[in-house]
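# A look at the structure
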Amino acid sequence: MNAAEHPVHVVLRSVVDYFSFGVCVNVRPDRGWIGRGVGNAGILGWGGKICLALMVLVTLPAMAAVHPVPLDKNTDAKQCLECHDDKTKHKFVHSALATGCLSCHEVRVNKDVTRVKLITASANGLCLTCHTDKKAAEIKGTVHPPAVRDCLMCHDPHSSDNKALLVKPESGDEKENLCLSCHKTGLHVPEKGSRHAALEAGCDTCHTTHKTGAEPTQENRFHLTKVAPALCVDCHDVKDAGLQKAHQNQPFGTANCVQCHNPHQSDAPKLMAKFLHVPFAGNSCETCHLATKDGKVVLAQKDVKTLCVTCHDDKAKLIDSAKVPHAGAMGDCTDCHNPHASSEPGLPKTDGVTICLGCHTDIDDLRKKSVHHQPAFTQGCGTCHTPHGGDNEHLLRAKGNALCLECHGPDSAAEKDEATHLLTIFNGQVKLPEDYYKTNRVPILPLRYGLGHPVEYHPVSDVMDPTNQSKVKTPLSCLSCHQSHASARPGLLMNDQINNTAFCDNCHKNRINMKDTNFPGK
């Protein structure tokens, strides 16, 4: 090994020194990069070496371990437990042990070597042979990520002192609590912030990890034992004098508590949500409310909309004057907005996606596809659409490619709001988390003069007729190739197509001359 060679290259080489040739990927130790091609260096080219080495490394987990003592291939569980009796000594024992070790394990004897392996290719696959109701591919709704990949991230396959054979309890500090291995909830609370006392009782006080459902409700999405407020009032008595005083003696027993309160932790006292309505934040309840009557809320104006427009008359004018009106904005403001607080800007009652999909069920159906455009199903519909009405078709915030390039263009530059630690786009109309671009790996296209995607010099907008610059030769936009909400395949390509030359053939019928195009439908 020379000084410049990476140790990994030495390991890979030692695995395959005696093989002759390979075609897979090239590794260049001198340059530190990997590329496709044919390897032919010495006995075996780097391409072949890395290909074979990767095959060996990938196969290792599935290979059977050599057993320290010889066994008969018909070994029974009784003999296993002579050494492995610790597998049955904990408070909770996997019921599969009663059927014998060979219900999950296989003993292989070849000459004088004994190996023991699982009867399936992976541990997850083994678990699902019995726990068929936990198959993530067949579950509609939000599945806890470890349940998709590896059951053993959370469960011991033999026995445990914790219920459900968990490898750790669901309570305790960061080192003790299983959930806190991944979730850092409640660990870093600001000095002036607040932390829900229920966290001390354990995450299973409110959550049932495998609970889900097809409907995107809070109960299903967050695996809750019950939906709020039923979950909250199990601990918080709505008749408590202190609680009633804190809520200005307004009726709150049937309200959705998590619309105003963060159920885990908050940067503010009393677990308040991140975004507060100004009168609510200033404890000026009388701005909107009168004293209750017969236990019911009494507003300071005759109805909700009249009350809201006393401050938000700009929104009322926008709704009334919009060239493209939004039917959903014609009703009461509280159809969509929480009048007190929310976890998101704009104070949506639920979140920036669910609040829209209650009406736009056709878009909700697209959720079933595997690849989602992040703003459409995570950040919020208001990222691209104006919720109160606008000037553009489909209530879009900009026309044509300008909408997409606000985030993906080479000149895209979200402005940072130092006061709120948020990013803003579309001239401050849309607010995004401070780490939005980094967390979501938002691709920025290397465009110059409208060219450069998906390959260099490829246009992304209308191609003009060279003989008549006022005439469009080939109409083109982002939507010529991409779907805006979801797709069954990566890239969000039209008609759920695969990203390959067959997709390019939709326009480029002549592969000899790629400039010879035929726009679909023309």
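The structure we're discussing is the one just above.
Just so we're clear, the structure is a prediction, and the values are computed from it rather than from any experiment. (Residues numbered from 1 in each chain as written. Predicted model: local features only at pLDDT ≥ 70, side-chain atom pairs only at ≥ 80, totals over all residues. Heavy atoms only, no water.)

## Thoughts on the nonpolar core
Stated formally: For our purposes a nonpolar core is just a set of buried Ala, Val, Leu, Ile, Met, Phe, Trp, Tyr and Cys residues, chained together by side-chain atoms within 4.5 Å. Note on exposure labels: buried denotes an accessible area under 20% of the residue type's maximum, exposed denotes more than 50%, and partly exposed covers the range between, all computed with a 1.4 Å probe on protein chains only. Numbered from the N terminus, helices here are DSSP runs of H or I no shorter than four residues, and strands are runs of E no shorter than two.
By size, the foremost hydrophobic cluster in this structure holds 12 residues: C384, A398, L403, C407, L423, I425, F426, V430, L432, Y436, Y437 and V442. Among the secondary structure elements, those contributing two or more residues to this core are α14 (401–408), β16 (422–425), β17 (430–433) and α15 (436–439). Listed in part, the six residues of the second largest apolar core include V353, L357, A376 and F377.

## Quick word on the side chain of D465
For clarity, the threshold we go by: Under the counting rule used here, the positive set is Lys and Arg, the negative set is Asp and Glu, and His together with the chain ends is not counted. For this document, the term salt bridge refers to a Lys or Arg side-chain nitrogen within 4 Å of an Asp or Glu carboxyl oxygen. Throughout, a contact is declared for two residues whenever any of their heavy atoms are within 4.5 Å.
Checked against the element boundaries, D465 lands in strand β18 (residues 463–465). There is no salt bridge for the buried D465, and the closest opposite charge comes from K471, which lies 4.5 Å off by N-O distance. Among all residues touching D465, those that are not within four sequence positions of it are K471, V472 and K473.

## Details of the environment of G380
Its location among the elements puts G380 in the loop between α13 (374–379) and α14. The exposure class of G380 is buried, given its relative accessible area of 4%. When the C-alpha positions of G380 and V353 are compared, they lie 4.7 Å apart, and in sequence the two are 27 residues distant. Here G380 is in contact with G352, V353 and P375, once residues within four sequence places are set aside.

## Considerations on the sheet that holds strand β6 (residues 113–118)
The condition that has to hold: Here, strands pair whenever DSSP counts at least two bridges between them.
The three strands lie next to each other as β3-β6-β5, forming an open sheet whose pairing is antiparallel. In the strand order of this sheet, the two ends are held by β3 (65–66) and β5 (105–110), each with one partner. Sheet topology places β3 next to β6; two bridges connect them, and they run antiparallel. When the bridges of β6 are listed, A65 appears paired with V116.

## Description of the sheet that holds strand β15 (residues 415–417)
Inclusion rule: To obtain each axis, a line is fitted to C-alpha atoms, and for helices this fit is confined to the stretch in contact; angles are then taken between N-to-C directions over 0 to 180 degrees.
The antiparallel open sheet is built from three strands, whose spatial order is β15-β16-β17. Of all strands in the sheet, those bounded by a partner on one side alone are β15 and β17. Strand-to-strand, the axes of this sheet are offset by a mean angle of 40°, without reference to chain direction. Pairing between β16 and β17: four bridges, direction antiparallel. Bridging from a neighbouring strand, I425 pairs with V430 of β17.

## Focus on the packing of aromatic side chains
Quick note on the threshold: Any two rings among Phe, Tyr and Trp, with Trp reduced to its six-membered ring, count as a pair given centres within 6.5 Å; such a pair is stacked if its planes are under 30 degrees apart, edge-to-face if over 60, and tilted if neither.
Inspection of the entire model under this criterion finds one aromatic pair. Consider the rings of Y436 and Y437, whose centres lie 5.8 Å apart with planes at 80°: the pair is edge-to-face. Residue classification places Y436 among the buried positions, given a relative accessible area of 4%.

## Considering the pairing of β16
Side chains L422 and T424 of β16 all project onto a buried face; the interleaved residues L423 and I425 project onto the opposite face, where all are buried too. Sheet topology places β15 next to β16; three bridges connect them, and they run antiparallel. Bridge pairing in β16 places E415 opposite T424. Here β15 folds back onto β16, and the loop between the two strands holds four residues, one of which, H421, carries a positive phi near 60°. Between β16 and β17, which pair antiparallel and follow one another directly, the connecting turn spans four residues, one of which, F426, has a positive phi of 50°.

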